[in-house]
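# Reading the structure
Chain by chain, the residues run as shown.
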Amino acid sequence: MTVVSPYEVRRARGDQEYADLLDLRYEVFCVEQGVPRHEELDGRDHGGVHLVAVREGEVLGTCRLVFVGTTVQFSRLAVRKSARRRGIATTLLEEADAQSRAADARRLVLHAQTYARELYERAGYRTRGRPFVEAGIEHVAMEKTL
Ligand SMILES: CC(C)(COP(=O)(O)OP(=O)(O)OC[C@H]1O[C@@H](n2cnc3c(N)ncnc32)[C@H](O)[C@@H]1OP(=O)(O)O)[C@@H](O)C(=O)NCCC(=O)NCCS
């Protein structure tokens, strides 16, 4: 029997983990989805809080929170292909809520890829407005009040 150890979800720690989460984003957004590197690296990483899902030192998932007043801009949610549909993104969204509440934020906003809308709806987000194209991919704006 194969025993799969649990993963933890928390803020990223240290230079190596930061490099690893950027590598995962590159693999998912640039290699898998074809987003140009210069759009993936939008210059907002240094001002953001990065969350990771880690198992035995391997970054399986990540997302970013950028605080603007009492609003949190949520983005860069990516889960390693081999680890999908096991609730990792959902757990990252829960931790994003916890981190946002701890910082006294009132709402989270994001641009969801349309195909993944259900993920965010299940986490309590609602859609605002019509779909639009960003980085060559159809998105929709969503938000959640805390
Ligand atoms: C989207 C993504 C982050 C989801 O990560 P995940 O860990 O597999 O998501 P979860 O296991 O928490 O999924 C929870 C629910 O969200 C929905 N969902 C997740 N992936 C989905 C998909 N590819 N298509 C449709 N619904 C999906 C489902 O309702 C799912 O529940 P179910 O597995 O019981 O059907 C992952 O597929 C990914 O990294 N994709 C590439 C990058 C990307 O598109 N990022 C999102 C940008 S908005």
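Residues numbered from 1 in each chain as written. Predicted model: local features only at pLDDT ≥ 70, side-chain atom pairs only at ≥ 80, totals over all residues.

### Concerning the site of the ligand
With respect to spatial proximity, 18 residues lie near the ligand, and among them Arg84, Ile88, Ala89, Thr90 and Leu119 are the closest. Those elements that place two or more of their residues in the shell around the ligand are strand 4 (71-79), helix 3 (88-102), strand 5 (107-113) and helix 4 (117-122). Of the residues belonging to the shell around the ligand, the class tally is ten nonpolar, three polar and five charged. (Near = placed C-beta within 6 Å. Helix = DSSP H or I, 4+ residues; strand = E, 2+ residues; numbered from the N terminus. Nonpolar A, V, L, I, M, F, W, Y, C, P; charged D, E, K, R; others polar.)

### Quick word on helix 1 (residues 14-32)
Look at helix 1: 26 Å from first C-alpha to last across 19 residues, which is about the 27 Å you get at 1.5 Å a residue. Maximal helix bending in helix 1 amounts to about 25°, located at Tyr26. For helix 1, the full list of buried residues reads Leu21, Leu24, Arg25, Val28 and Phe29. Structurally, helix 1 contributes buried residues whose contacts are with helix 2 (37-40), strand 2 (49-55), strand 3 (58-68) and strand 4. Just past helix 1, the residue Gly34 takes up positive phi, approximately 75°. (Expected span 1.5 Å × (residues − 1). Bend = angle between axes of the 7 residues up to and from the residue. Buried ≥ 20, exposed ≤ 12 C-beta atoms within 10 Å, placed from the backbone. Contact = placed C-beta atoms within 7 Å.)

### Let's talk about the sheet that holds strand 4
Taken together, seven strands build an open sheet; the order of strands is 1-2-3-4-5-7-6 and the sheet is mixed. The sheet is open, and its two edges are formed by strand 1 (8-11) and strand 6 (126-134), each paired on a single side. In this sheet, neighbouring strand axes are inclined to one another by 25° on average, regardless of whether the strands run parallel or antiparallel. Summarising the sheet, strand 2 and strand 3 pair through seven bridges and their orientation is antiparallel. Bridge assignment links Leu51 to a residue of strand 3, and that residue is Cys63. (Pairing = 2+ DSSP bridges. Axes fitted to C-alpha atoms, helices over the stretch in contact; angles between N-to-C directions.)

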